[in-house]
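# Results of the structural survey
Below are the chains, spelled out letter by letter.
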Amino acid sequence: MSDITEVTGIVLSAMPVGEFDRRIVILTKERGKIAAFAKGARRPNSPLTGITRPFVFGTFQVYEGRTSYTIRQANITAYFEEIISNFDAVCYAYYFAELADYYGRENLDASVMINLLYAALKALGRKNLSKPLIRLTYELRIIAINGESPDFFVCQGCGKEKEHLVSFSKSTLGIYCADCADYAHMSVKLEDSTVHALQYITGTPLNRLFSFAVNKNVLMQLMEVITSVKESVIDKKMKSFEMLS
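First, a word on scope: everything that follows refers to the structure included in this document.

Assigned secondary structure in the chain consists of six helices and eight strands. Secondary structure elements of the chain, listed N to C terminal, follow the sequence β-β-β-β-β-α-α-α-α-β-β-β-α-α. If one aligns the C-alpha atoms of the chain with their principal axes, the spans along those axes are about 65 × 35 × 30 Å. Put simply, the chain has 245 residues, and 48% of those count as buried.

Right, let's talk about helix 4 (residues 131-145) for a bit. Compared with an ideal rise of 1.5 Å per residue, which puts 15 residues at 21 Å, helix 4 spans 21 Å between its outermost C-alpha atoms and is within 8% of the ideal. By the criterion of burial, helix 4 is predominantly enclosed, with twelve of the 15 residues buried. All of the buried residues along helix 4 are Lys131, Leu133, Ile134, Arg135, Leu136, Thr137, Tyr138, Glu139, Leu140, Arg141, Ile142 and Ile143. Where helix 4 is buried, its residues contact helix 2 (87-103), helix 3 (111-124), helix 5 (192-203) and helix 6 (216-233). Backbone geometry just downstream of helix 4 places Gly147 in the positive-phi region, at approximately 75 degrees.

We now examine the packing of aromatic side chains. Where two aromatic rings form a pair, the distance of their centres and the angle of their planes describe that pair. Under the definition given, this model contains ten aromatic pairs. Consider the rings of Phe55 and Tyr94, whose centres lie 4.9 Å apart with planes at 70 degrees: the pair is edge-to-face. Taken together, the residues Phe55 in the loop between strand 3 (32-38) and strand 4 (57-64) and Tyr94 in helix 2 connect sequence positions 39 residues apart. Under the relative-accessibility criterion, Tyr94 is labelled partly exposed at 35%. Seen from their ring centres, Tyr92 and Phe96 are 6.3 Å apart, and the 65 degrees between their planes marks the pair as edge-to-face. Placement of both Tyr92 and Phe96 in helix 2 is noted, with a separation of four residues, approximately one turn of the helix. Exposure remark for Tyr92: the relative accessible area of 2% places this residue in the buried category. Ring-pair connections join several aromatic residues into one group, and the members of that group are Tyr92, Tyr95, Phe96, Tyr138 and Phe241. One Lys or Arg, Arg43, reaches over the ring of Phe20 and ends 3.8 Å from the middle of that ring. The ring of Phe241 has Lys230 lying over it, and the distance from NZ or CZ to the ring centre is 4.1 Å.

Moving on, we come to the side chain of Arg22. Among the secondary structure elements, Arg22 is positioned in strand 2 (residues 21-28). No salt bridge forms around the buried Arg22; measuring N to O, its nearest opposite-charge neighbour Asp21 is 9.3 Å away. Among the polar contacts listed, one links the side chain of Arg22 to the backbone oxygen of Thr49, at a separation of 3.2 Å. Discounting chain neighbours no more than four positions away, the residues touching Arg22 are Ala14, Met15, Pro16, Val17, Ala36, Phe37, Ala38, Ala41, Arg42, Thr49, Thr52 and Arg53.

What counts, and where the lines are drawn
Residues numbered from 1 in each chain as written. Predicted model: local features only at pLDDT ≥ 70, side-chain atom pairs only at ≥ 80, totals over all residues. Heavy atoms only, no water. Helix = DSSP H or I, 4+ residues; strand = E, 2+ residues; numbered from the N terminus. Buried < 20%, exposed > 50% of the residue type's maximum accessible area, 1.4 Å probe, protein only. Expected span 1.5 Å × (residues − 1). Contact = heavy atoms within 4.5 Å. Phe/Tyr/Trp six-rings, centres within 6.5 Å; stacked < 30°, edge-to-face > 60°. Lys NZ or Arg CZ within 6 Å of the ring centre and 35° of its normal. Lys, Arg positive; Asp, Glu negative; His and termini not counted. Salt bridge = Lys/Arg side-chain N within 4 Å of Asp/Glu carboxyl O. Polar contact = N/O pair within 3.5 Å; in protein donor to acceptor, adjacent residues only side chain to side chain.

As structure tokens, then:
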């Protein structure tokens, strides 16, 4: 039998296989995105049942096979029960997991992406936070982690760092100052608060990422900008996105 490998990560998805087994996808710090089989996980009273459902975080002991892994056991440290009991939160969580699955790759260190997903799931469990804002923040940050985010700190027209950045171009995916606004074709006019929010999302430390609020107008501007970026850089339609309210 293969040696046991220990990995730390979050279960992104789970699906039934055969009569009693389950196949899960885990985003891990050590091996990136991996597929693993949990034999007998769907049998009554199986010790693998609770540790092989979506959104659990912990350390998994697995046997490595030729094309997949087999779960032996796990030590789960976060079940995110506050999400499971809230239908809207579950829908957002599935969408976040699907985005992580899209960007996840086998054998690539996924520590930063795991930390982001973990923080986003924790944020979903807080009733005082806006779920649409959590979603937009997660979308832009995961795009930034993977090197595909526009630079929201520098005018794309003149290349200078300016305080008064006033518009975002959907055609060039760039932000522009007042002097260069004529270059911003298909532009979205931005309030100062929107610019600051975009800079905050892409630049602030992760432990403070989901700790801000915006007014309705800023939220709508963020939605227009981030949706344009997402549709330009992500070439897959996320099925779970359709469930969001």
